[in-house]
Amino acid sequence: MRNVITIALLCMINGMIYAQEWTTPIIEGYGRIKQFKDVAAQPDTSLEYNIVFDVKDDRELDGVNIGLFKIARLINMLGTGGVPQDKIHIVAAVHGGATFAALNDQKYKEKYNKANPNTELLQLLHDYGVEIYVCAQATASRGITADDLDANTELGLSAMMVLANYELKGYALMP
């Protein structure tokens, strides 16, 4: 019995020593990651990361839109992996249920009676250089005007057009 307890304690201590905290090193406060140095498929500092995200879900993760969270997470992983910011080019096509995540605070409050939880993240992503396009087809079908959108977004003809244009330019699709 003593051996079992000793082994269990050693395993717990080992786990605590090697346990890592969740961090948000590049997009502060969003897109939490854990560092793992001894795993495959690490960021490649010799690559240009040209990625277009299809942000369509209204689900949230850590209090923000899950698609926007994923963009922040990727930036955090690439940045901590040594990929310089000038080699990271990210575009987001926001549509479907995610359209409301791109509302400005006033319109979001009118709809949900609270401030838009995505506002700060939209600003941080924009400041990093992420191009955020909101589908005009989705806004039109929801009665949203360009003036209703967060200033860190831009109205695009459609998410399909954004996705097609950037994929044809060689951007990898991140669904």
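First, a word on scope: everything that follows refers to the structure included in this document. Keep in mind that this is a model prediction, so the values were computed, not measured.

Here we look at the pairing of strand β1 (residues 49-55)
Consideration 1: Burial analysis of β1 places six of its seven residues in the buried class, which makes it a mostly covered element.
Consideration 2: As paired strands, β1 and strand β4 (residues 88-94) are joined by seven bridges and run parallel to one another. If you follow Ile51 over to β4, its bridge partner there is Ile90.
Consideration 3: By the bridge criterion, three bridges tie β1 to strand β7 (residues 172-174) in an arrangement that is parallel. Paired with Ile51 across the bridge in β7 is Ala172.

Concerning the sheet that holds β7
The strands that make up a sheet are held in pairs by hydrogen bonds between backbone atoms, and each pair lies either parallel or antiparallel.
Consideration 1: The five strands lie next to each other as β6-β5-β4-β1-β7, forming an open sheet whose pairing is parallel. Edge positions in the open sheet fall to β6 (154-156) and β7, since each of these has one partner strand only. Each strand axis lies, on average, 30° off the axis of its neighbour in the sheet, ignoring direction.
Consideration 2: Those strands touched by helix α2 (residues 66-80) are β1 and β4, and its axis lies near 160° from that of β1.

Side note on the packing of aromatic side chains
Consideration 1: Under the criterion given, the structure shown has four aromatic pairs.
Consideration 2: Between Tyr133 and Tyr166 the ring centres are 6.4 Å apart and the planes differ by 35°, which places this aromatic pair in the tilted class. With a gap of 33 residues between them, Tyr133 in strand β5 (residues 131-135) and Tyr166 in helix α6 (residues 159-168) connect regions that are remote in the sequence. The pair Tyr133 / Tyr166 is uniform in exposure class, with both members buried.
Consideration 3: Considering the side-chain rings of Tyr166 and Tyr171, the 4.9 Å spacing of their centres and the 75° angle between planes classify their relative orientation as edge-to-face.
Consideration 4: You can call Tyr166 buried: its relative accessible area is 11%.

A short note on the packing of α2 against helix α4 (residues 119-128)
Consideration 1: Put simply, α2 and α4 touch, their axes get as near as 11 Å, and they point 40° apart. Looking at the two axes, α2 sits oblique to α4. α4 is crossed by α2, and the crossing has left-handed handedness. On α4, the residues touching Leu68, Phe69, Ile71, Ala72 and Ile75 of α2 are Leu121, Leu122, Leu125 and Tyr128.
Consideration 2: Broken down by class, the residue content of the contact of α2 with α4 amounts to nine nonpolar, no polar and no charged.

Conventions used here
- Residues numbered from 1 in each chain as written.
- Predicted model: local features only at pLDDT ≥ 70, side-chain atom pairs only at ≥ 80, totals over all residues.
- Heavy atoms only, no water.
- Buried < 20%, exposed > 50% of the residue type's maximum accessible area, 1.4 Å probe, protein only.
- Helix = DSSP H or I, 4+ residues; strand = E, 2+ residues; numbered from the N terminus.
- Pairing = 2+ DSSP bridges.
- Axes fitted to C-alpha atoms, helices over the stretch in contact; angles between N-to-C directions.
- Contact = heavy atoms within 4.5 Å.
- Phe/Tyr/Trp six-rings, centres within 6.5 Å; stacked < 30°, edge-to-face > 60°.
- Parallel < 35°, antiparallel > 145°, perpendicular 65-115°, else oblique.
- Left-handed = near helix turned anticlockwise from the far one by under 90°.
- Nonpolar A, V, L, I, M, F, W, Y, C, P; charged D, E, K, R; others polar.

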